[in-house]
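Observations on the three-dimensional arrangement
Letter by letter, the chains look like this.
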Amino acid sequence: MTFIHDLSGSWELRGDGVELPATVPGSVHVDLLANGRIPDPFSDDNEHAVAWVGRQDWTYQREISWEGPEHDRIDLVFEGLDTVARVEVGGELVGETRNMHRTYRFDVTSLITGAQPLSVHFTSAYTEAERVRALVGPRPNAYPEPFQFIRKMACSFGWDWGPTLVTAGIWRPVRLEGWSTARIATVRPLCTYHGNAGKLDLTCEIERIRDRALRAQILLDGREIASLDLETDSVRAELDVPGVAPWHPRGYGEPTLYTLTVVLLDSESGTEIDRWERRTGFRSVHLDRSPDDAGTRFVFAINGEPVLVKGVNWIPDDIFPARMTRERYERRLREAADAGVNLIRVWGGGLYEDRAFYEVCDELGLLVWQDFLFACACYPEEEPLFSEVVAEARDNVTRLSPHPSLITWNGNNENLWLRGPHGWADDPGGDLSWGEKYYLETLPEIVAELDPSRPYQAGSPWSGSWEHEPNDPDHQTFHSWEVWNRQDYLHYRDSAPRFVAEFGWQAPPAWRTLRDAVSDDPMLPDSPGVLHHQKAEDGNGKLARGLAPHFPAPASTEAWHYLTQLNQVRAVRTGIDWWRSHWPHTAGTIVWQLNDLWPVTSWAAIDGAGRYKPLYFALREMYADRALTIQPRDGGLVVAVLNDHAEPWTGALRIERCDAAGTVRYSIVERVAVAPRSVALIPVPDADLVVAHLDDQRALWFAADTTEQDPGLTVTTEVVPGGLDVTVHAAGLARDVLLQPDRMHPEASVDQGFVTLLPGESTVFRVRAPIELDPGSVKDPWVLTDLASVLADGANR
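The model shown is predicted, which means the values in this text are computed figures rather than measured ones.

All told, the structure shown has 57 salt bridges when counted by the stated rule. For aspartate 516, the salt bridge identified is with arginine 512, shortest N-O distance 3.1 Å. Within this pair, aspartate 516 and its partner arginine 512 are both found in helix H10 (residues 511-517), separated by four residues, close to a single helical turn. For arginine 512, a relative accessible area of 25% gives the class partly exposed. Within the structure, one salt-bridge network assembled from shared partners comprises Arg73, Asp75, Glu79, Arg105, Asp107, Arg175, Glu177, Arg183 and Glu207.

Time to look at the sheet that holds strand E19 (residues 272-280). If you trace the four strands from one edge of the open sheet to the other, you get E16-E15-E18-E19, paired in antiparallel fashion. Of all strands in the sheet, those bounded by a partner on one side alone are strand E16 (223-230) and E19. Taken over all neighbouring pairs, the strand axes of this sheet differ in orientation by 15° on average, direction set aside. Note that strand E15 (residues 214-220) and E16 share seven bridges and pair antiparallel. Its bridge partner being in E16, leucine 214 is matched across the sheet by leucine 230.

What follows covers the packing of helix H6 (residues 385-400) against helix H8 (residues 436-450). Running from amino to carboxyl end, H6 crosses H8 at an angle of 35°, the nearest separation of the two axes being 10 Å. As for how H6 packs across H8, the hand of that crossing is right-handed. Residues Leu385, Phe386, Val389, Val390, Ala393, Arg394, Val397 and Thr398 of H6 form the contact with H8, whose own contacting residues are Lys437, Tyr438, Thr442, Leu443, Ile446, Glu449 and Leu450. Its residues assigned to classes, the contact of H6 with H8 shows ten nonpolar, two polar and three charged.

Another aspect to go through is the nonpolar core. Formed by 181 residues in total, the largest nonpolar core has its most connected members in Trp11, Leu76, Trp159, Ile170, Phe357, Phe372 and Leu619. By residue number, the principal contributor to this core is helix H13 (residues 557-580), which donates eleven residues. Formed by 28 residues, the second largest nonpolar core is a distinct cluster that contains Val187, Tyr193, Leu202 and Ala226.

It is worth spelling out the packing of aromatic side chains at this point. Counted under the stated rule, the structure contains 46 aromatic pairs. Plain terms: the ring middles of tryptophan 314 and tyrosine 329 are 6.3 Å apart, the flat faces sit at 25° to each other, and that makes the pair stacked. Note that tryptophan 314 is positioned in strand E25 (residues 309-314) and tyrosine 329 in helix H4 (residues 326-338), a separation of 15 residues in sequence. Tyrosine 329 shares its class with tryptophan 314; the two are buried.

Below, the discussion takes up helix H12 (residues 539-547). Among the nine residues in H12, seven count as buried, and that is most of the element. Gly539, Asn540, Gly541, Lys542, Leu543, Gly546 and Leu547 are the residues of H12 that are buried. Along its buried surface, H12 packs onto helix H9 (482-486), helix H11 (528-532) and H13.

Axis separation between H13 and helix H14 (residues 614-622) bottoms out at 9 Å; the angle between their running directions is 20°. The angle between H13 and H14 falls in the class roughly parallel. For H13 against H14, the interelement crossing comes out right-handed. Contacts between H13 and H14 involve Gln565, Gln568, Val569, Val572, Arg573, Ile576, Asp577 and Arg580 from the former and Pro614, Leu615, Ala618, Leu619, Glu621 and Met622 from the latter. Looking at the contact of H13 with H14, its residues break down into eight nonpolar, two polar and four charged.

Calculation rules
Residues numbered from 1 in each chain as written. Predicted model: local features only at pLDDT ≥ 70, side-chain atom pairs only at ≥ 80, totals over all residues. Heavy atoms only, no water. Salt bridge = Lys/Arg side-chain N within 4 Å of Asp/Glu carboxyl O. Helix = DSSP H or I, 4+ residues; strand = E, 2+ residues; numbered from the N terminus. Buried < 20%, exposed > 50% of the residue type's maximum accessible area, 1.4 Å probe, protein only. Pairing = 2+ DSSP bridges. Axes fitted to C-alpha atoms, helices over the stretch in contact; angles between N-to-C directions. Left-handed = near helix turned anticlockwise from the far one by under 90°. Contact = heavy atoms within 4.5 Å. Nonpolar A, V, L, I, M, F, W, Y, C, P; charged D, E, K, R; others polar. Core = buried A, V, L, I, M, F, W, Y, C linked by side-chain atoms within 4.5 Å. Phe/Tyr/Trp six-rings, centres within 6.5 Å; stacked < 30°, edge-to-face > 60°. Parallel < 35°, antiparallel > 145°, perpendicular 65-115°, else oblique.

In structure tokens, the structure reads:
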């Protein structure tokens, strides 16, 4: 049997004039921070103060010895090295690496003769990137950093929502692995479901030292389904697996999982030599990219059923990814699922995430769209990069193959698109190789060979061929950024793309998150610390231009914070509701973005401290299986009854026409019966305010963005176990009532965001905290407010 000796834990870190204890897995920044050698890079502009860290070379060192039973072979295995490393045991070079996204295995049998020093010397990623750039020539990109010249998490070099903190370190587990006779090198199970039965296309590769007859036993939930003689070092078997239930995405059935085990046996003695085990599931995936009268479809079907994608884009959840744990992955992904999300797109400037990420998605029924790691740049196709790209792709396609949640591979983020609009072909290096070969030849060939069970797409956005502009809204995937960058959010309604793979609107993080990160006094929207935590080009200018058509200029930082968060919700709701009402023509939306990796003004729904912006709560409404929205159509209004459910939605739809004060002037009831997974449009008359009710769902349409009506709010607070229940009653129309729990206590939370109350209505904000809260704190400034009060405060000023 294989014996594992874990080398995680205490190491030493050495650099120029630095020697201190370190923790593996980890990174240089984290170890320096833990030892008080650098300030918190998330605070103020400390990002600049620690920039030297990414420019230096570093060494991790510890003593190792083999403490297990005697074996034929001892391997040193690194699951992740960031990035350019030279590995030595006892002063002897055992290997060199140049790719953060690969696993490395080195034979150290002859070197482990007793206690020996293990040293991992890291060259600065800048040094390597600049060396490669000098070798292959310059290439254009969207940001002034050389991230496309090294196979490393691109956003560690900074992005329009992230800091420049260029890391180094042993970022994933490391171990000594002892084995004899043979070991299982890789298992690639492609599990599909057709005709009420599962099918397992299994490839198993072994590495052997001794010439012994070997056999692979295949088990599913402990039951043998096949036994394969291993006459060569690679075997493939296609097995029918009757009696299994399919894995379904959220909202379409149970995400049924099975334990798949491959046991390597000595054929003569029956002795177990090695074992591989994963949880997996059986499902079919089809991506309909067929032409129709409107252009080209882009519709995912799982187990034969078309799926309305209600997605979010995922960036690394920590700029120092070694700090991620299964618990953090599970918390963030459960938050996505609780918001009605059914698909996570893993964006191409980040990572192939940890196994735990995909396992949690498997368990929750969250679909995964995985980008290959290319983003916003021209990527050289020459050596030394080409062979690294091939090895990286083969490594990760194999590693992630067991996961039923993973349904598509995507070649890149925006590279096929941006080369034209950004004029990269005319920039220095623009006439050299730029990555097209990767996306249209190399990567699809690898996926076709190793994982034909999942559709490959060349890029996002991509129209399917060069016959159409890559970001053509009528053909396949579309990224909608013209609106945020230059237009009012109402322009989302100008088109109905076939699939919106990116769109979003910015807002600052929760007040406490921003205040903890910025020491400006006073803290203003344009004070230095706030601007440092706004990385988008002209980001605050775009926030202001986005507010201008809808609200007067904010009178204070607090008002700016409230109004920009409200505008984010209104903008994203405008897009999702409009596009969702066009299902199946528009087959899904993937909001940019779910999460942040530091405290920043960004497009995220959950900020860098893990606090919910109001957008997070709004997503629960927009992505509900059953929802109502009122939309303009053909010069009038319609109620769109959105039924993303397996059962028909029938009932009495009540439509009310109200005046500007919220008083009902006219009401009608219409019976509706909306088929499963479909949308019905019901014409309604216009008014100052239109309200639609069906079961527990409600939609509002306002002719005006604001109101001057006094909402006449009455607030009562009840102490309950774990916190407070805050009941708000409105005598008049109360638009966009918001309770900000972090203003009461840094760890306080609440169960809803913006709430609009019609005259006579009430709502309960459930505030929870790890300490006893003072009921009177609800009356503190800006804890509980509403739109009319914010605007009145500005008028009074």
